[in-house]
Amino acid sequence: MSIWIDIGALDDLPLRGSRCVQTPTGKIGVFRTADDRIFAIRNECPHKGGPLTEGIVHGHSVTCPLHNWVISLETGAAQGADEGAVETIPVRVEGTRVLLLRSAIGARVAA
Ligand code: FES
C-alpha cells in the first residue's frame, strides 16, 4: 500500500501559486494551476538549479525565475529548445489536505 505524507492545507496554496517543501531527499515544489490542478516536481530548474517555486505558473507549466526556461509541471521536462527535466513527484489532494507519496520524498517531512 502506498503511504502519503500530509504537507499542508490546500487553502494555503492559492491558484497559480506554489510552495516549497523541504524533504529528506531535497526541496519539492508544489504548484496549483489556474484550473485547480496540483502538481509536484523537484524545486530545481534543470538548467542551473533555479528555484522553480519562485517562478510564474501559467497553464500547466512554470517559468524559471532565473533564465526563463519553461518547465512542464506534468512531465518535469523543459519545453521548447531547452533540454533537461526534473523529477515529478506523485501528489494528491484528500479533502482539504495536500499529500505527497512518501516513497518519492523519503521518510520524514519538515515542512
Ligand atoms: S536556472 Fe532555470 S532557466 Fe536557468
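Just so it is clear, the model here is predicted, and its values are computed rather than measured.

### Remarks on the overall build of the protein chain
Moving on, step 1. Of regular secondary structure, the protein chain possesses one helix and nine strands.
Moving on, step 2. Each helix and strand of the protein chain, ordered N terminal to C terminal, gives the series β-β-β-β-β-β-β-β-β-α.
Moving on, step 3. The globule rule puts the C-alpha radius of gyration for 111 residues at 13 Å, and the 13 Å found for the protein chain is close to it.
Moving on, step 4. Dimensions of the protein chain, computed from the C-alpha atoms along their principal axes, are close to 40 × 25 × 20 Å.
Moving on, step 5. Across the 111 residues that make up the protein chain, the buried fraction comes to 42%.
Moving on, step 6. Excluding contacts between residues fewer than 6 apart, the proportion of contacts in the protein chain whose partners are at least 24 apart in sequence is 42%.
Moving on, step 7. Accessible surface for the protein chain amounts to roughly 5,900 Å². Of this, 48% is attributable to carbon and sulfur atoms.
Moving on, step 8. Here the protein chain contributes 11 positive and 12 negative side-chain charges, whose respective centroids are spaced 6 Å apart.

### Remarks on the pattern of salt bridges
Moving on, step 1. Tallied over the entire structure, the rule returns four salt bridges.
Moving on, step 2. Note that Arg-42 and Glu-87 form a salt bridge whose closest N and O atoms lie 2.9 Å from each other. Here Glu-87 lies in the loop between strand E7 (70-72) and strand E8 (91-94) and Arg-42 lies in strand E4 (residues 38-42), a separation of 45 residues in the sequence.

### So, the nonpolar core
Moving on, step 1. Counting residues in hydrophobic clusters, the biggest one holds 16 residues, and the most contacted among them are Val-30 and Leu-100.
Moving on, step 2. Contributing elements (two or more residues each) for this core: strand E1 (4-9), strand E3 (26-32), E4, strand E9 (97-101) and helix H1 (102-105).
Moving on, step 3. Among the elements that line this core, the one with the most residues is E9, at three residues.
Moving on, step 4. Not counting the four nearest positions on each side in its chain, Leu-100 is found in contact with Ile-3, Trp-4, Ile-5, Ile-7, Ile-28, Val-30, Ala-40, Ile-89, Pro-90, Val-91 and Ile-105.
Moving on, step 5. Judged by nonpolar contacts, the second largest core, of 13 residues, contains Val-62, Trp-69, Ala-78 and Val-86.

### Considerations on unusual backbone geometry
Moving on, step 1. Notably, Arg-16 is not glycine yet its phi reads approximately 60°, a positive angle.
Moving on, step 2. With respect to the helices and strands, the residue Arg-16 is situated in the loop between E1 and strand E2 (17-23).
Moving on, step 3. Arg-16 sits in the exposed class, given a relative accessible area of 53%.
Moving on, step 4. Located in the positive-phi region is Asp-36, a residue other than glycine, with phi close to 65°.
Moving on, step 5. Here Asp-36 lies in the loop between E3 and E4.

### So, the side chain of Thr-33
Moving on, step 1. Within the element layout of this structure, Thr-33 appears in the loop between E3 and E4.
Moving on, step 2. If sequence neighbours within four positions are ignored, Thr-33 has contacts with Leu-15, Arg-16, Phe-39, Val-57, Gly-59, His-60 and Leu-73.

### Topic: the sheet that holds E9
Moving on, step 1. What the three strands build is an open sheet, ordered E1-E9-E8; its pairing is antiparallel. Lying at the two open borders of the sheet, with one neighbouring strand each, are E1 and E8. For this sheet, the mean angle separating the axes of adjacent strands, direction not counted, is 35°.
Moving on, step 2. As defined by bridge partners, E1 adjoins E9 across five bridges and the pair is classed as antiparallel. Its bridge partner lying in E9, Ala-9 is registered against Arg-97.

How each quantity is defined
Residues numbered from 1 in each chain as written. Predicted model: local features only at pLDDT ≥ 70, side-chain atom pairs only at ≥ 80, totals over all residues. Heavy atoms only, no water. Helix = DSSP H or I, 4+ residues; strand = E, 2+ residues; numbered from the N terminus. Rg over C-alpha atoms; globule rule 2.2 N^0.38 Å. Buried < 20%, exposed > 50% of the residue type's maximum accessible area, 1.4 Å probe, protein only. Contact = heavy atoms within 4.5 Å. Areas by Shrake-Rupley, 256 points an atom, 1.4 Å probe, with all protein chains shown as cover. Lys, Arg positive; Asp, Glu negative; His and termini not counted. Charge placed at Lys NZ, Arg CZ, Asp CG, Glu CD. Salt bridge = Lys/Arg side-chain N within 4 Å of Asp/Glu carboxyl O. Core = buried A, V, L, I, M, F, W, Y, C linked by side-chain atoms within 4.5 Å. Pairing = 2+ DSSP bridges. Axes fitted to C-alpha atoms, helices over the stretch in contact; angles between N-to-C directions.

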